[in-house]
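Chain by chain, the residues:
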Amino acid sequence: MRQTAWTACAVAAWAAIASPAQADDGAFPNRPVRIVVPFSAGGTADVLPRIIGEKLNAAWGQPVIIDNRPGAGGNIGADMVAKAAPDGYTLMATPPAPLTINQYLYKNLPFDPERFAPVTVLARVPNVLAVKTGLPVKSAQDFIGYARKNGGQVTVATQGNGTTSHLTGALVAAQAGLDFVFVPYKGTAPALADLMGGQVDAFFDNISSTFRQHESGKVRILAVTSAQRSPLLPKTPTLAESGLPGFDVSTWFGVVAPAGTPPEVVRKLNAAIVEVLKMPDVRQKFIEQGAEVVGDTPAQMAEFMRAERAKWKQAIDTADVTIN
């Protein structure tokens, strides 16, 4: 009888370990939650989930750990999350690259970007054309003219090969007939540091990362890449107003879980994050980052990502971007 009872307990314990999502019994989360950011600390991709994570920590009474895993255009962190247990305790907060772009740039991804479980889009953020202070240009038109005269010599930082900053620059080059030298970094922070240091000429960065450096005179923002001007820089023109008609590119940031995460756990994650996004202080912090709060449903995010894949595939084909 004792051996039978011991065997039953052992089987139950093993089932709890092997199936952590089912072991929660509705009490999710009952242990720390890790949010993997597949880019380096300091950029918008890192700042927004930290704002959310702080609030989730308070709401859940469980630690929410932001884990930066940069490299390969977001693929290293994405692969880690794709292979994590599908229990809701490991998530990814990311810009588009590993979810809707990289499959068209890399021949052999170690994960399937279309198999993540969508949770919600956090926000949309326009990119900006930022240049080092010593560059002899005063406007986006000046920059385009300068790049034409100095073909193959203008260096443009990117957050990594195939990221939205890279593709934005590639689209500008294709539409304006320019020849940039792209310099890839592992995220925004190191790229922006080299722009401020004058090691590179320009950077198509998220407005939230660059705005304070622009205000302090460490870099100069010449234009925004979205269709409309940004409330943060109402006097700064769009690229469409600066000689590139129809130009409209923005970056978005979303949260996903590993494929196979139980729908009830995804719903709990979505509800908790959307509730945080409704908080006035959170919305204000997002505005200060130049971010437009979204907070959609998992189904809406899935549909949005399908449209984004089609858009970025066309952009990659148009700009003829490849990853060696």
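The model shown is predicted, which means the values in this text are computed figures rather than measured ones. (Residues numbered from 1 in each chain as written. Predicted model: local features only at pLDDT ≥ 70, side-chain atom pairs only at ≥ 80, totals over all residues. Heavy atoms only, no water.)

**Considerations on the nonpolar core**
And then number 1: Counting 51 residues, the largest nonpolar core has Ile 52, Leu 56, Leu 122, Ile 273 and Phe 286 as the members making the most contacts within it.
And then number 2: Those residues in contact with Leu 56 that sit more than four places away from it in its chain are Gly 61, Val 64, Ala 272, Ile 273 and Val 276.
And then number 3: Judged by nonpolar contacts, the second largest core, of 34 residues, contains Ala 140, Phe 180, Ala 202 and Val 321. (Core = buried A, V, L, I, M, F, W, Y, C linked by side-chain atoms within 4.5 Å. Buried < 20%, exposed > 50% of the residue type's maximum accessible area, 1.4 Å probe, protein only. Contact = heavy atoms within 4.5 Å.)

**Considering unusual backbone geometry**
And then number 1: In this structure, Pro 29 follows Phe 28 across a cis peptide bond, with omega equal to -10°.
And then number 2: Within the fold, Pro 29 resides in the loop between helix H2 (20-23) and strand E1 (33-37). (Helix = DSSP H or I, 4+ residues; strand = E, 2+ residues; numbered from the N terminus.)

**Looking at the packing of helix H7 (residues 164-176) against helix H12 (residues 298-319)**
Helices that pack against each other are described as a pair by the angle of their axes relative to one another and the distance between those axes.
And then number 1: Closest axis-to-axis distance for the H7/H12 pair is 9 Å, and the angle between their directions is 50°. The orientation of H7 with respect to H12, classified from their angle, is oblique. In the crossing of H7 with H12, the sense of the turn from one axis to the other is left-handed. Residues Thr 164, Leu 167, Ala 170, Leu 171 and Ala 174 of H7 pack against Trp 312, Ala 315, Ile 316, Thr 318 and Ala 319 of H12.
And then number 2: A class-by-class count of the residues in the contact of H7 with H12 yields eight nonpolar, two polar and no charged. (Axes fitted to C-alpha atoms, helices over the stretch in contact; angles between N-to-C directions. Parallel < 35°, antiparallel > 145°, perpendicular 65-115°, else oblique. Left-handed = near helix turned anticlockwise from the far one by under 90°. Nonpolar A, V, L, I, M, F, W, Y, C, P; charged D, E, K, R; others polar.)

**Here we look at the packing of aromatic side chains**
And then number 1: Within this structure, the stated rule accounts for seven aromatic pairs.
And then number 2: Seen in terms of ring centroids, Phe 143 and Phe 180 are 5.9 Å apart; in terms of plane orientation they differ by 35°. Their pairing is tilted. Taken together, the positions of Phe 143 in helix H6 (residues 140-149) and Phe 180 in the loop between H7 and strand E6 (181-184) put the pair 37 residues apart, joining distant regions of the chain. Summarising the burial analysis for this pair, Phe 143 and Phe 180 share the class buried.
And then number 3: Chaining the aromatic ring pairs together yields one cluster made of Phe 143, Phe 180, Phe 182 and Phe 204.
And then number 4: Over the face of the ring belonging to Tyr 89 we find Arg 31, whose NZ or CZ atom lies 3.7 Å from the ring centre. (Phe/Tyr/Trp six-rings, centres within 6.5 Å; stacked < 30°, edge-to-face > 60°. Lys NZ or Arg CZ within 6 Å of the ring centre and 35° of its normal.)

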